[in-house]
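Close look at the chain arrangement
Next come the chains, spelled out residue by residue.
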Amino acid sequence: MKKILLTLVALMSMTTTFAENEGMNTTEAYNMTVNMKSLAHALGLTNDQVESVAEVHKTFSTEMMFAAQYGKDERSKMVEKAVNKDLAYMNYILNKDQYRKYVMLLNITLANRGLR
């Protein structure tokens, strides 16, 4: 139960309300900034993993902000490419359980922001 609660707390810190329903502008929806301490706690990361995940996430966030600057068709392709690249790197860094939780959190975040 404690793990579920911690996962929900991390989930809430990573997501916002639905982007389209709240009238979020494009830049805000593509801002993937997260609280690394909460993410590290939710995933149970080691110190080495925290540093690696932070670097990969920084790159992912930058790529998402670039995607926000393009038209709808190109933007969706860029988002897909950024997500796939992020997942490939995270799969290398995280163990199986951590990766499963990360994918769940990322998918929910993207869905809540109207990006999937």
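Note: the structure precedes this text.
The present account deals with the structure reproduced in this document. (Residues numbered from 1 in each chain as written. Predicted model: local features only at pLDDT ≥ 70, side-chain atom pairs only at ≥ 80, totals over all residues. Heavy atoms only, no water.)

1. Describing the pattern of salt bridges
Spelled out, the test is: Here, a salt bridge means any side-chain nitrogen of Lys or Arg that lies within 4 Å of a carboxyl oxygen of Asp or Glu. A run of H or I in DSSP counts as a helix once it spans at least four residues, and a run of E counts as a strand once it spans at least two, with each numbered from the N terminus. Classification of residues uses two cut-offs on accessible area relative to the type maximum, computed with a 1.4 Å probe and protein chains only: under 20% is buried, over 50% is exposed, and between them is partly exposed.
Under the definition given, this model contains two salt bridges. The shortest N-O distance in the salt bridge between lysine 85 and glutamate 63 comes to 2.8 Å. Highlighted residues: lysine 85 in helix 6 (residues 72-93) and glutamate 63 in helix 5 (residues 47-67), separated in sequence by 22 residues. For aspartate 97, the salt bridge is made with arginine 100, and the minimal N-O distance between the two is 4.0 Å. Residue aspartate 97 and its partner arginine 100 are both found in helix 7 (residues 96-112); the two are separated by three residues, about one turn of the helix. Assessed through its relative accessible area of 52%, arginine 100 is described here as exposed.

2. With respect to the environment of glutamate 63
Rules: In this description, contact between two residues means that some pair of their heavy atoms is separated by no more than 4.5 Å.
Residues glutamate 63 and asparagine 31, spaced 32 residues apart in sequence, show a C-alpha to C-alpha distance of 9.9 Å. Discounting residues that sit within four places of it in the chain, glutamate 63 has contacts with Ala82 and Lys85.

3. Re helix 7
Formally: Expected span, for any helix, means 1.5 Å times one less than how many residues it has. The directions considered for the arc are those from the helix axis to the C-beta atoms.
Helix length check: helix 7 (17 residues) gives 24 Å between terminal C-alpha atoms against 24 Å at 1.5 Å per residue, within 8%. Where helix 7 is concerned, the buried positions are Gln98, Tyr102, Leu105, Leu106, Thr109, Leu110 and Asn112. Buried residues along helix 7 cover an arc of 160° about the axis, so they all sit on one side. For helix 7, exposure combined with an orientation more than 90 degrees from the buried face picks out Lys96 and Arg100. Looking one or two residues past helix 7, glycine 114 carries a phi angle of roughly 75°, positive in sign.

4. Notes on the packing of helix 6 against helix 7
In plain terms, the rule: Every angle, taken between N-to-C directions, lies between 0 and 180 degrees, and every axis is a line fitted to C-alpha atoms, over only the stretch in contact when it is a helix. Every angle not falling under 35 degrees, over 145, or within 65 to 115 is termed oblique; those three ranges are roughly parallel, roughly antiparallel and roughly perpendicular. The handedness criterion is simple: a crossing whose near helix is rotated anticlockwise from the far helix by less than a right angle is left-handed, and one whose near helix is rotated clockwise is right-handed. Side-chain classes follow a simple rule in which Ala, Val, Leu, Ile, Met, Phe, Trp, Tyr, Cys and Pro form the nonpolar group, Asp, Glu, Lys and Arg form the charged group, and the remainder, Gly included, forms the polar group.
The N-to-C vectors of helix 6 and helix 7 enclose an angle of 160°; their axes lie 10 Å apart at closest approach. One element, helix 6, and the other, helix 7, form an angle in the roughly antiparallel class. Helix 7 is crossed by helix 6, and the crossing has right-handed handedness. Residue-level contacts link Val83, Asp86, Leu87, Met90 and Asn91 of helix 6 to Tyr99, Tyr102, Val103, Leu106 and Leu110 of helix 7. Of the residues in the contact of helix 6 with helix 7, the class split is eight nonpolar, one polar and one charged.

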